[in-house]
Amino acid sequence: MNEMSVSASVGRSFRLVDALAGYVFDGRSLKELADAVEQSPSTTLRDLQALSEVGIAERIPGRDRYWRLGPRLIRVAQAHQHEMTRMQQRLDEVVQRYSRIPN
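What you see is a predicted model, and the numbers here were worked out from it, not measured in a lab. (Residues numbered from 1 in each chain as written. Predicted model: local features only at pLDDT ≥ 70, side-chain atom pairs only at ≥ 80, totals over all residues. Heavy atoms only, no water.)

### Thoughts on the environment of Ser-52
Looking at where Ser-52 falls in the secondary structure, it is placed in helix H3 (residues 41–53). Of the residues examined, Ser-52 reaches a relative accessible area of 32% and is grouped as partly exposed. Between the C-alpha atoms of Ser-52 and Gly-70, which are 18 residues apart in sequence, the distance is 7.4 Å. Beyond its immediate stretch of four places on either side in the chain, Ser-52 contacts Ala-57 and Trp-67. (Helix = DSSP H or I, 4+ residues; strand = E, 2+ residues; numbered from the N terminus. Buried < 20%, exposed > 50% of the residue type's maximum accessible area, 1.4 Å probe, protein only. Contact = heavy atoms within 4.5 Å.)

### Quick look at the sheet that holds strand E3 (residues 63–69)
Spatially, the three strands line up as an open sheet ordered E1-E3-E2, and their pairing is antiparallel. Pairing within the sheet leaves two strands with one partner each, and these edge strands are strand E1 (28–29) and strand E2 (57–60). Here four bridges tie E2 to E3, and the two strands are oriented antiparallel to one another. Each bridged residue has a counterpart across the sheet, and for Arg-59 the counterpart in E3 is Trp-67. (Pairing = 2+ DSSP bridges.)

### A few points about the packing of aromatic side chains
Two aromatic rings are characterised by how far apart their centres lie and by the angle between their planes. Applying the stated criterion across every chain yields a total of zero aromatic pairs. When the ring centre of Tyr-23 is taken as reference, the NZ or CZ atom of Arg-28 above it lies at 4.5 Å. One cation-aromatic arrangement involves Arg-63 over Tyr-66; the distance from NZ or CZ to the ring centre is 4.1 Å. (Phe/Tyr/Trp six-rings, centres within 6.5 Å; stacked < 30°, edge-to-face > 60°. Lys NZ or Arg CZ within 6 Å of the ring centre and 35° of its normal.)

### Digging into a nonpolar patch on the surface
Taken together, Val-24, Phe-25 and Ile-74 make up a surface patch of nonpolar side chains, about 310 Å² in accessible area. On the accessibility criterion, Phe-25 (76% relative accessible area) is exposed. (Patch = residues over 30% accessible without salt bridge, like charges linked within 9 Å, V, L, I, M, F, W, Y side chains within 5 Å. Areas by Shrake-Rupley, 256 points an atom, 1.4 Å probe, with all protein chains shown as cover. Salt bridge = Lys/Arg side-chain N within 4 Å of Asp/Glu carboxyl O.)

In structure tokens:
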């Protein structure tokens, strides 16, 4: 693969992740996703299968025609949220310390 095709593939993958966001329960069909990312269904399916191999996307059990975000990406998002909460707590502690009026 040359640099241009890798870059295009990565771009399509991110567009698919965006198109899947907010559809965790019902998912989206291949056609809906292909339309959303403006790619052919065959290219979209290939990209979804690649994302599925690494846990980023998955077919909905019992509804194989529908796709949703996979558990790996959800874990990444949760870890990011946890880190942001922890950083906010540290910032709040610093603000609290420097906001105290000396006796």
